[in-house]
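Fold and contact review
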Amino acid sequence: MLILAGLGNPGARYAGNRHNIGFMAVDEIARRWNFGPERSRFQSLTREGAIETPDGPVKALILKPQTYYNDSGNAVGAALKFFKLKPSDLVVFYDEIDLAPGRFRMKTGGGAAGNNGVRSITGQIGPDFRRARLGTGHPGHKDLVQGHVLSDFHKVEQGWVSDLLRACADAAPLLAAGEDEKYQAEVMRLAPADKADTRQARQGRATP
């Protein structure tokens, strides 16, 4: 079984924020693979379902912590403990300001790199979980970061955002099969995005 956790903040006020792209990604996976209805568990909104792979369906739980972004570890830790799962059975989808808009990278373990949601999860279960990092770009100066991540995507960005979310969902069989490198490559094949200087504020798709 897998837990696919998206990071974000609860409530309509934050729904379109860059910080909520993790919620958006797991919602798209749930939609694409016809997961069951949403219900409240583990201080989260959850949906249960399965992702088809060549070796058969893999059960998965979508988890959207309602604890606010910086305390996501409380919800994630409770879910892993209940199902008696290992950190390697967890994939966390979240926004990454140090990746250009539309870029996507998988990694396992490592530090939090200033991400308080990741730090919270690490504090509960250790660092050895799988991370699906969705690039949202850097505003250019550290003092602008909070305003950047808590602002909505601009209309001109909606194209690459939709493409990236759809790619994350369509390629999910590779993720469910544990093929993280292949999953990353397939997401980027389905939703190509230019590498760019992330330390520049951008409103549209990244440019060379």
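Note that the structure is predicted; figures quoted are calculated from it, not measured. What you see as residue numbers is a count from 1 along each chain, following the sequence as written. Local features in this predicted model are restricted to residues of pLDDT 70 or higher, and side-chain atom pairs are both shown and tallied only at a pLDDT of 80 or more, whereas totals for entire chains, interfaces and linings draw on every residue. The basis for every side-chain value is the complete set of non-hydrogen atoms in the structure, without hydrogens or water.

**Description of the packing of aromatic side chains**
- Side-chain rings of Phe, Tyr and Trp, where Trp is taken by its six-membered ring, are said to pair if the distance between their centres is within 6.5 Å; with planes under 30 degrees apart they count as stacked, over 60 as edge-to-face, and otherwise as tilted. In this structure the tally under the stated criterion is six aromatic pairs.
- Ring centres of phenylalanine 82 and phenylalanine 83 lie 4.9 Å apart, and the angle between their planes is 85 degrees; this geometry places the pair in the edge-to-face category.
- Ring geometry for phenylalanine 153 against tryptophan 160: centres 5.7 Å apart, planes inclined by 90 degrees, an arrangement best described as edge-to-face. Neither residue differs from the other here; phenylalanine 153 and tryptophan 160 are each classed as buried.
- Linked through ring pairs, Phe42, Phe82 and Phe83 together constitute an aromatic cluster.
- The aromatic ring of tryptophan 33 is capped on one face by arginine 32, whose charged end is 4.2 Å from the ring centroid. Under the scheme applied here, a residue whose accessible area is under 20% of the maximum for its type counts as buried, over 50% as exposed, and between as partly exposed, the area being computed with a 1.4 Å probe on protein chains only. Sitting over a ring, as applied to charges here, requires NZ of Lys or CZ of Arg to be within 6 Å of the ring centre and within 35 degrees of the ring normal.

**A few points about the layout of surface pockets**
- Each cavity reported here is a set of points on a 1 Å grid over the protein atoms alone in which a 1.4 Å probe fits but cannot get out, each pocket an open set with protein on both sides within 12 Å along at least five of seven lines, and each lining residue one with an atom within 4 Å of a point. Grid points are joined across faces, edges and corners, and a volume is the space filled by probe spheres set on the points. Volume-wise, the largest pocket comes out at about 430 Å³.
- Lining the largest pocket are 23 residues, and of these His19, Ile97, Gly114, Asn115 and Asn116 sit closest to its centre.
- Numbering goes from the N terminus for both helices and strands, where a helix is a DSSP run of H or I of at least four residues and a strand is a run of E of at least two. Every element with two or more residues in the lining of the largest pocket is listed here: β5 (90-96), α3 (116-125), β7 (130-135) and α4 (145-149).
- In this classification, the charged set is Asp, Glu, Lys and Arg, the nonpolar set is Ala, Val, Leu, Ile, Met, Phe, Trp, Tyr, Cys and Pro, and all remaining amino acids, among them Gly, are polar. Of the residues contributing to the lining of the largest pocket, the split by class is nine nonpolar, eight polar and six charged.

**Thoughts on the confidence of the model for the protein**
- Confidence of the predictor at the level of single residues is given by pLDDT, which spans 0 to 100. Of the residues in the protein, 94% have a pLDDT of 70 or more, and the chain-wide mean is 92.
- Note on definitions: a residue-residue contact is assigned when non-hydrogen atoms from the two residues lie within 4.5 Å. Within the model, the stretch residues 200-208 combines pLDDT values under 50 with 32 contacts to residues more than four positions away or in other chains.

**Focus: helix α1 (residues 21-32)**
- For a helix, the expected span equals 1.5 Å multiplied by the number of residues minus one. For α1, with twelve residues, the first-to-last C-alpha span of 16 Å sits near the 16 Å given by 1.5 Å per residue.
- With nine of twelve residues buried, α1 lies mostly within the body of the structure.
- Buried-residue contacts for α1 involve β1 (2-6), β3 (44-53), β4 (56-65), β5, β7 and α5 (158-170).
- Following α1 by one or two positions, asparagine 34 adopts a phi angle in the positive range, close to 55 degrees.

**Describing helix α2 (residues 72-83)**
- Helix length check: α2 (twelve residues) gives 17 Å between terminal C-alpha atoms against 16 Å at 1.5 Å per residue, within 8%.
- Listed as buried for α2 are Ser72, Gly73, Ala75, Val76, Gly77, Ala79 and Leu80.
- On its buried face, α2 sits against β1, β3, β4, β5 and α3.
- Once α2 finishes, lysine 84 follows within two positions and takes phi at roughly 55 degrees, a positive value.

**Some points on the environment of serine 88**
- Within the secondary structure layout, serine 88 lies in the loop between α2 and β5.
- Residues serine 88 and asparagine 17 lie 71 residues apart in sequence; the distance between their C-alpha atoms is 28 Å.
- Not counting residues up to four positions away in its chain, the partners in contact with serine 88 are Asp128 and Arg130.

**Describing unusual backbone geometry**
- Residue phenylalanine 42 is not a glycine yet carries a positive backbone phi of 55 degrees.
- Following the sequence through the fold, phenylalanine 42 ends up in the loop between β2 (39-41) and β3.
- By relative accessible area, which is 16% here, phenylalanine 42 ends up buried.
- One non-glycine residue, tyrosine 68, lies in the positive phi region at around 75 degrees.

**Some remarks on the packing of α2 against α3**
- For helices, the fitted axis covers only the stretch in contact; all axes are lines through C-alpha atoms, and the angles between them, taken along N-to-C directions, range from 0 to 180 degrees. Running from N to C, α2 and α3 cross one another at 40 degrees; their axes reach a closest spacing of 7 Å. Taken together, α2 and α3 sit at an angle that is classed as oblique. Two packed elements cross with a definite hand, and for α2 against α3 that hand is right-handed. Contacts between α2 and α3 involve Ser72, Gly73, Asn74, Val76, Gly77 and Leu80 on the former and, on the latter, Gly117, Ser120, Ile121, Gln124 and Ile125.
- Of the residues in the contact of α2 with α3, the class split is four nonpolar, seven polar and no charged. Each angle gets one of four labels, with under 35 degrees taken as roughly parallel, over 145 as roughly antiparallel, 65 to 115 as roughly perpendicular, and the rest as oblique. Left-handed is the label given to a crossing in which the near helix is rotated counterclockwise from the far helix by less than a right angle, and right-handed is the label when the rotation is clockwise.

**With respect to the nonpolar core**
- The biggest cluster of nonpolar side chains holds 36 residues, and the ones touching the most others in it are Leu4, Phe93, Phe104 and Tyr183.
- Once residues within four sequence positions are removed from consideration, leucine 4 is found in contact with Val26, Ile29, Ile51, Ala60, Leu61, Ile62, Leu63, Val91, Phe93 and Leu175. In plain words, nonpolar cores are sets of buried Ala, Val, Leu, Ile, Met, Phe, Trp, Tyr and Cys residues tied together by side-chain atoms within 4.5 Å.

**Section: the environment of isoleucine 62**
- With respect to the helices and strands, isoleucine 62 occurs in strand β4.
- In this structure isoleucine 62 comes out as buried when scored by relative accessible area, which is 1%.
- Remark: the alpha-carbon pair of isoleucine 62 and alanine 15, spanning 47 residues in sequence, is separated by 17 Å.

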